[in-house]
Amino acid sequence: DTAVSQTPKYLVTQMGNDKSIKCEQNLGHDTMYWYKQDSKKFLKIMFSYNNKELIINETVPNRFSPKSPDKAHLNLHINSLELGDSAVYFCASSQWADTNTEAFFGQGTRLTVV
Amino acid sequence: AQTVTQSQPEMSVQEAETVTLSCTYDTSESDYYLFWYKQPPSRQMILVIRQEAYKQQNATENRFSVNFQKAAKSFSLKISDSQLGDAAMYFCAYSVEYGNKLVFGAGTILRVKS
């Protein structure tokens, strides 16, 4: 069973479109994240949710809107896609109360905006 | 701001030999956590090893060990008896308590020669 699963794995879309990436975890964790890995492989956090509540928003453009319907799901919706949004987006989860906990990552979604 | 620096963009090692990947970090916190993640070509982020800052003893996981120097803010990864499967991008990361977000270094590509 996949611990953190993201769909789709690959997404190719045109500039200006709106797209969503879904993430689900079956680990019983209460905290979920979105990370962005750019073309130089640099990984940076975008958002963090704890029990459906937004905890961290790292100055991400308003075009990016995360939504957490329950603590096992964290989706990422992107409006008006731009070329610079092309990247790999990783979902991850961990347990809030245990700061030592390992963060489990999904397999990533490679978004290509053309 | 917390930063993580990996000064080696790329490293090579002969199969069965030992290699050390460097990492330094900057923080004003006294209690934090450090991690090494591996990212093979499959893109999956895999935890290799972690270290609690309050523990003086260096963490070890089979062929992987760290040299944690808290005063110097240094956290290097040693891979012994390198195997072809160790070839990957390695990321050093620092865990910030609030939100448990990970701050990553730029990564080191490790190539293993047979």
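Everything that follows concerns the structure shown earlier in this document.
Residues numbered from 1 in each chain as written. Chains lettered and ligands numbered in written order. Predicted model: local features only at pLDDT ≥ 70, side-chain atom pairs only at ≥ 80, totals over all residues. Heavy atoms only, no water.

### Re the pattern of salt bridges
Within the structure shown, the criterion is met by eight salt bridges over all chains. A:Arg63 is paired through a salt bridge with A:Asp85; the nearest N and O atoms lie 2.8 Å apart. One end of the pair, A:Arg63, is in the loop between β6 (53-57) and β7 (64-70); the other, A:Asp85, is in the loop between β8 (73-78) and β9 (87-94), with 22 residues separating them in the sequence. This pair shows no difference in class: A:Arg63 is buried, exactly as A:Asp85 is. Several salt bridges converge on common partners, so that one network encompasses A:Lys44, A:Glu58 and B:Lys101. (Salt bridge = Lys/Arg side-chain N within 4 Å of Asp/Glu carboxyl O. Helix = DSSP H or I, 4+ residues; strand = E, 2+ residues; numbered from the N terminus. Buried < 20%, exposed > 50% of the residue type's maximum accessible area, 1.4 Å probe, protein only.)

### Things to note about the sheet that holds β7(A)
Residue and element names in this part refer to chain A. The strand order across the open sheet built from four strands is β1-β3-β8-β7, with neighbouring strands paired in antiparallel fashion. Both edges of this open sheet fall to β1 (4-7) and β7, since each of them pairs with a single strand only. In this sheet, neighbouring strand axes are inclined to one another by 20 degrees on average, regardless of whether the strands run parallel or antiparallel. Sheet topology places strand β3 (residues 19-25) next to β8; four bridges connect them, and they run antiparallel. Counterpart to lysine 19 in the pairing with β8 is isoleucine 78. (Pairing = 2+ DSSP bridges. Axes fitted to C-alpha atoms, helices over the stretch in contact; angles between N-to-C directions.)

### Things to note about the nonpolar core
One finds B:Tyr25, B:Trp36, B:Phe75, B:Leu77, B:Tyr90, B:Tyr94 and B:Leu110 to be the most contacted residues of the largest nonpolar core, which totals 27 residues. Only β3 (19-21), β5 (33-39), β6 (46-52), β8 (64-69), β9 (74-79), β10 (88-95) and β12 (108-113) of chain B provide two or more residues apiece to this core. When residues in this core are grouped by element, the largest group, four residues, is from β10(B). Core analysis: the next-biggest nonpolar cluster, separate from the first, contains 21 residues, A:Ile45, A:Phe90, B:Leu102 and B:Phe104 among them. (Core = buried A, V, L, I, M, F, W, Y, C linked by side-chain atoms within 4.5 Å.)

### Section: the environment of B:Ala53
All names here are of chain B. The topology assignment puts alanine 53 in the loop between β6 and β7 (60-61). For alanine 53, a relative accessible area of 3% corresponds to the buried category. Spatially, the C-alpha atom of alanine 53 lies 8.4 Å from that of phenylalanine 68, the residues being 15 residues apart in sequence. Setting aside residues up to four positions removed in sequence, alanine 53 forms contacts with Ser30, Tyr32, Phe68 and Lys70. (Contact = heavy atoms within 4.5 Å.)

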